Amino acid sequence: MIEFPPPPRPRKLDTRISILGSGFIVNDCHLPSYRAAGFNVAAIASRNSENASRVAAAHNIPTVHPSFEALLDDTSLEVLDIAVPPQHQLALIRAACARGTAKAILAQKPLALNYADAVTAVEVCAPPASR
Ligand SMILES: NC(=O)c1ccc[n+]([C@@H]2O[C@H](COP(=O)([O-])OP(=O)(O)OC[C@H]3O[C@@H](n4cnc5c(N)ncnc54)[C@H](OP(=O)(O)O)[C@@H]3O)[C@@H](O)[C@H]2O)c1
């Protein structure tokens, strides 16, 4: 078996990560991995805010926003982790980029349900000058 070295550690561990969605992939995969890496998950929101609150309590996430929009309006957040079904992902990527607050977005695969929407999702992330 080929063994690969671990990826380099980021220079900064306190980057403020925010999460949209509170399902399996967030609860059982992303959050345990963020914790193991020592990353700073600062806020979460979900379609159903009770689900967001339950996941926040289980993983010690300090802020639960009452809606996706409220989280996207939080200008203190730096990285956005989107984990919702693919047909809803483009609208959230678009909304995040329109606000311009997130420095980086982690989106789930599949990026969209068709190629055109996937291309659009990438294009809306480009800085305004390069569009
Ligand atoms: N599970 C995996 O192994 C896996 C692997 C790779 C990629 N993915 C991708 O990641 C996505 C999420 O996976 P998951 O396993 O976490 O799914 P999940 O357990 O079904 O959770 C889906 C999440 O999306 C939210 N959501 C559901 N319907 C929505 C809607 N109409 N509008 C906005 N948000 C909605 C839900 O919010 P509420 O709970 O608040 O209702 C829930 O938090 C999948 O659809 C897939 O594209 C999953």
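Structure first, text after, so check above.
Just so it is clear, the structure is predicted and the values come from calculations on it, not from any experiment. (Residues numbered from 1 in each chain as written. Predicted model: local features only at pLDDT ≥ 70, side-chain atom pairs only at ≥ 80, totals over all residues. Heavy atoms only, no water.)

A. Representation of helix α1 (residues 24-37) within the structure. Taking 1.5 Å of rise per residue, 14 residues should cover 20 Å, and α1 covers 19 Å from first to last C-alpha, within 8% of that figure. Among the residues of α1, those classed as buried are Val26, His30, Leu31, Tyr34 and Ala37. In the core, the buried residues of α1 are packed alongside β1 (16-20), β2 (40-45), α2 (49-59), β4 (79-82) and β5 (104-106). Gly38 occupies a position one or two residues after α1 and carries a positive phi of about 80°. (Helix = DSSP H or I, 4+ residues; strand = E, 2+ residues; numbered from the N terminus. Expected span 1.5 Å × (residues − 1). Buried < 20%, exposed > 50% of the residue type's maximum accessible area, 1.4 Å probe, protein only. Contact = heavy atoms within 4.5 Å.)

B. Molecular detail of the nonpolar core. Of all hydrophobic cores here, the largest spans 17 residues; its most connected members are Leu20, Phe68, Leu71, Leu80, Ile82 and Leu92. Mapped onto this core, the elements with two or more residues apiece are β2, α3 (68-72), β4 and α4 (89-99). Counting residues per element, this core draws most heavily on α4, at four residues. Ignoring sequence-local partners within four residues, the contact set of Leu20 consists of Ala45, Phe68, Leu71, Leu72, Leu80, Asp81, Ile82, Ala83, Val84 and Leu92. Core analysis: the next-biggest nonpolar cluster, separate from the first, contains 12 residues, Ile17, Ile19, Val41 and Ala52 among them. (Core = buried A, V, L, I, M, F, W, Y, C linked by side-chain atoms within 4.5 Å.)

C. Inspection of the sheet that holds β2 at higher detail. If you walk across this open sheet you meet the five strands as β3-β2-β1-β4-β5, and the pairing is parallel. The open sheet is flanked by β3 (63-64) and β5, the only strands paired with a single partner. Here four bridges tie β1 to β4, and the two strands are oriented parallel to one another. When the bridges of β4 are listed, Ile19 appears paired with Asp81. Sitting on the sheet, α1 touches β1, β2, β4 and β5, and the angle it makes with β1 is about 180°. The sheet strands contacting α4 are β1, β4 and β5, and the helix crosses β4 at an angle near 170°. (Pairing = 2+ DSSP bridges. Axes fitted to C-alpha atoms, helices over the stretch in contact; angles between N-to-C directions.)

D. Molecular detail of the side chain of His59. Looking at where His59 falls in the secondary structure, it is placed in helix α2. Looking at His59, the relative accessible area reads 16%, which means it is buried. There is a polar contact of 2.9 Å between the side chain of His59 and the side chain of Asn27. Residue contacts for His59: discarding those within four places in its chain leaves Asn27, Leu31, Pro32 and Arg35. (Polar contact = N/O pair within 3.5 Å; in protein donor to acceptor, adjacent residues only side chain to side chain.)

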